[in-house]
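Chain by chain, the residues:
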Amino acid sequence: MPPLHKMDNYEGCLENSTNRYCLVHFTLVSEEPNDLLCMIQEYSMKETTRLNYTYLRYGLCLKHKCDNYKGDKSITSRDHLGACLNDTFLKNYGLKTMITDVTCNAVQHERLMNFDMGDVGVASALFLIVALNIIGSIYDACTINEKHQDQKFLLCFSIRHNWKRLSSCTDAGDEMSRFQILYSIRSLIIIGVISSHVLLPFLLIGKETKGMEDAYLNPIQAMFLSGPLLIQTYFVMSGFLLAYKMQIHFKRNNVNLFFLPRLIFFRWLRLTPPYAVLLAFMATWLRFFKTGPFWEISAGVEVADCRNRWWFNVLYINNYIYHSQCMPHSWYIAADMQLYVLGAVLCLILRYIKRPTRILLPLFLVGLLVPAVHTYLQDLDPMLLLKPTGCGTFFDSDKTYNEVYKRGHTNMVSFIIGLSTGYILMNIWKAKVESIKRYKKYFFLLWFIIPIGAVFMYIGGSVFYRDAPRDSIYVRTMFAMISRPFMGFLAGFFMLGMILKIENFLRVIMNWDGWMIPGKLSYCVYLIHFPIIRITTSVITTLIPSSPLYIIAALIVLTVVSFILAVPISLMVEIPFIRLIKEFSKKTPKSGDGINTRL
């Protein structure tokens, strides 16, 4: 078969100012029956484990590949490029090509820097943030020995203060310190998220495509193919913390008509500042970094979508938009925000109901059935399948991803499990210490949670990726219905056992102080790691090796760089605004949200 990806020398091609380099997307066609084309089409039909070899991407240096190119820009039309490709494909394979998309690059001096008001506005906002951090740090240094530092607003932007907050391995005086286990879970899950996203450039511009396909058939790989199910742990944690904090708040504060709007606003303000900084950069200044032949298929599509539909992200409704490529990984943040609003309303209602199960149980059943109904009626996959072609475009048109995986209402069941876990924990703590001790005899069950989860993920990764006809709609519907609550129950039970200290071996490992700093950085790492992938892919000028060692090396580098870049974002944007929220809340203690924003 023709190679899926092929690239001419990019730098050597553009040494001549009259030359052009074009990235050409095309499909293979034939005017008459062709055995090779039939074989390629049949091979590519197994889309769960194979790439589409009927849709190719080649980088062409026109001076070397097109005999009629004499420096004329009009020769970059699809007809002329198609003629260049057809000469080669007719000779070597007996096939013709049909071009679907073309992007051409010339020498750097032909690219103009056209600034607009959006660029100026974003630059001004970033300059203001940096200036506030500089002024706040100088003010802190000048008043460091004074007992009273009156300018609380400026101190919120003190890098020294914020670094102490970030680097501290204890939360002294903070009730949430008893939930230190959540820092380790966050750290491990974010590394898992990075490890799945790091495959994107290898599927887009990988050299050994057959090796990537063979990895899907590796039994060891089967467990990792169900990795998207791990995100349910985040929803469980979110619901759990909300339920716990709301119950604490109701005991200490009055609730008025403004409680719910304030709570939602503070949540929006907690999530938005670092998110908005990266979103603004992606929509404006990133386009001036344009370089390399892969720009349009990587960062280019994200820049275009962010410029046109950024407000969907700011309103946290982008997970209900099809073909969303503006920070596509932020679907989780939008879904979490939507479920947070639902959870806040539920907690307010449950305050006046003696038995929370009357509300939570029906909602759990609804959350259980919603993904199953979607799967059955829309003929979807049982879970998000990491298909090679889908991963390469970040599931731009994958129905399962767009209809079930990234929606808020379809992930409700895990959030309800988290809420329920929060209420269960409070009820246990209301009991006597002796009644808590009786749970310690079940400590061995915690040892089986991780193996059980691994086996369940292995089953999903081995069954639904096997080389066989697609499973019946009933099998897919049943798995779609049980997979989320199953992972949610495991996560909830594990957290509950760790917090109640009914086991001492795993708890020591998971409560290690070293987890706290990466756990605090996890939100900024989640935001920054995918733009790093996009930008890195855009500046590469040749195909990259797809060997396991190269992928592991890329994972290590991406993880380290993401955590390093997350530090200034956290110190200069995330933590200052968290402190501002707290300072603002202190002014109105009776109606404040009372929510600890660190976790």
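Residues numbered from 1 in each chain as written. Predicted model: local features only at pLDDT ≥ 70, side-chain atom pairs only at ≥ 80, totals over all residues. Heavy atoms only, no water.

As recorded in an unreviewed UniProt entry, the protein goes by Acyltransferase 3 domain-containing protein and comes from Pieris macdunnoughi.

Draft legend 1. Summary view of a nonpolar patch on the surface. Taken together, the side chains of Tyr-442, Phe-443, Phe-444, Leu-445, Trp-447, Phe-448, Ile-452, Phe-486, Phe-493, Phe-505 and Ile-509 define a hydrophobic patch exposed on the protein surface, amounting to about 1000 Å² of accessible area. Where the nonpolar patch is concerned, the elements lending two or more residues are helix 21 (443-463), helix 22 (473-499) and helix 23 (505-510). Among the elements that line the nonpolar patch, the one with the most residues is helix 21, at six residues. Position of Tyr-442 among the secondary structure elements: in the loop between helix 20 (433-437) and helix 21. (Patch = residues over 30% accessible without salt bridge, like charges linked within 9 Å, V, L, I, M, F, W, Y side chains within 5 Å. Areas by Shrake-Rupley, 256 points an atom, 1.4 Å probe, with all protein chains shown as cover. Salt bridge = Lys/Arg side-chain N within 4 Å of Asp/Glu carboxyl O. Helix = DSSP H or I, 4+ residues; strand = E, 2+ residues; numbered from the N terminus.)

Draft legend 2. Summary view of helix 24 (residues 516-539). Counted at 1.5 Å a residue, the expected span for helix 24 with its 24 residues is 34 Å, and the 34 Å between its end C-alpha atoms agrees. Along its length, helix 24 reaches its greatest deviation from straightness, about 50°, at Ser-522. The buried fraction of helix 24 is high, at 20 of 24 residues. (Expected span 1.5 Å × (residues − 1). Bend = angle between axes of the 7 residues up to and from the residue. Buried < 20%, exposed > 50% of the residue type's maximum accessible area, 1.4 Å probe, protein only.)

Draft legend 3. Looking closely at unusual backbone geometry. Positive phi values are uncommon outside glycine, yet His-323 reaches one of about 55°. Along the chain, His-323 turns up in the loop between helix 14 (296-314) and helix 15 (331-350). One non-glycine residue, Lys-501, adopts positive backbone phi at about 60°. Structurally, Lys-501 is set in the loop between helix 22 and helix 23. Among the residues examined, Lys-501 registers a relative accessible area of 46% and is labelled partly exposed.

Draft legend 4. Up close: a positive patch on the surface. Residues Arg-178, Lys-437, Lys-440 and Lys-501 make up a contiguous surface patch of positive charge. When you line up the elements, Lys-440 lands in the loop between helix 20 and helix 21. For Lys-440, a relative accessible area of 37% corresponds to the partly exposed category. (Lys, Arg positive; Asp, Glu negative; His and termini not counted. Charge placed at Lys NZ, Arg CZ, Asp CG, Glu CD.)

Draft legend 5. A look at the pattern of salt bridges. Within this structure, the stated rule accounts for 18 salt bridges. Across the pair Glu-302 and Arg-534 runs a salt bridge, and its minimum N-O distance is 2.7 Å. With a gap of 232 residues between them, Glu-302 in helix 14 and Arg-534 in helix 24 connect regions that are remote in the sequence. You can call Arg-534 buried: its relative accessible area is 3%. Asp-305 is paired through a salt bridge with Arg-309; the nearest N and O atoms lie 2.8 Å apart. Placement of both Asp-305 and Arg-309 in helix 14 is noted, with a separation of four residues, approximately one turn of the helix. Through salt bridges with shared partners, a single network forms among Glu-47, Asp-379, Asp-381, Lys-387, Arg-470 and Arg-476.

Draft legend 6. Inspection of the nonpolar core at higher detail. Counting residues in hydrophobic clusters, the biggest one holds 153 residues, and the most contacted among them are Phe-26, Leu-182, Ile-185, Trp-331, Leu-419 and Phe-494. Top contributing element to this core by residue count: helix 15, with 13 residues. Residue contacts for Phe-26: discarding those within four places in its chain leaves Thr-54, Tyr-55, Leu-56, Tyr-58, Leu-85, Phe-89, Thr-97, Met-98, Ile-99 and Thr-100. (Core = buried A, V, L, I, M, F, W, Y, C linked by side-chain atoms within 4.5 Å. Contact = heavy atoms within 4.5 Å.)

Draft legend 7. View of the packing of helix 12 (residues 232-252) against helix 22. Where helix 12 meets helix 22, the axes come as close as 9 Å, and the angle between the chain directions of the two elements is 55°. Here helix 12 is positioned oblique relative to helix 22, judged by the angle of their axes. Note that helix 12 runs across helix 22; the crossing there is right-handed. Here helix 12 contributes Gln-232, Thr-233, Val-236, Met-237 and Phe-240 to the contact with helix 22, which in turn contributes Arg-484, Met-487, Gly-488, Ala-491, Gly-492, Met-495 and Ile-499. (Axes fitted to C-alpha atoms, helices over the stretch in contact; angles between N-to-C directions. Parallel < 35°, antiparallel > 145°, perpendicular 65-115°, else oblique. Left-handed = near helix turned anticlockwise from the far one by under 90°.)

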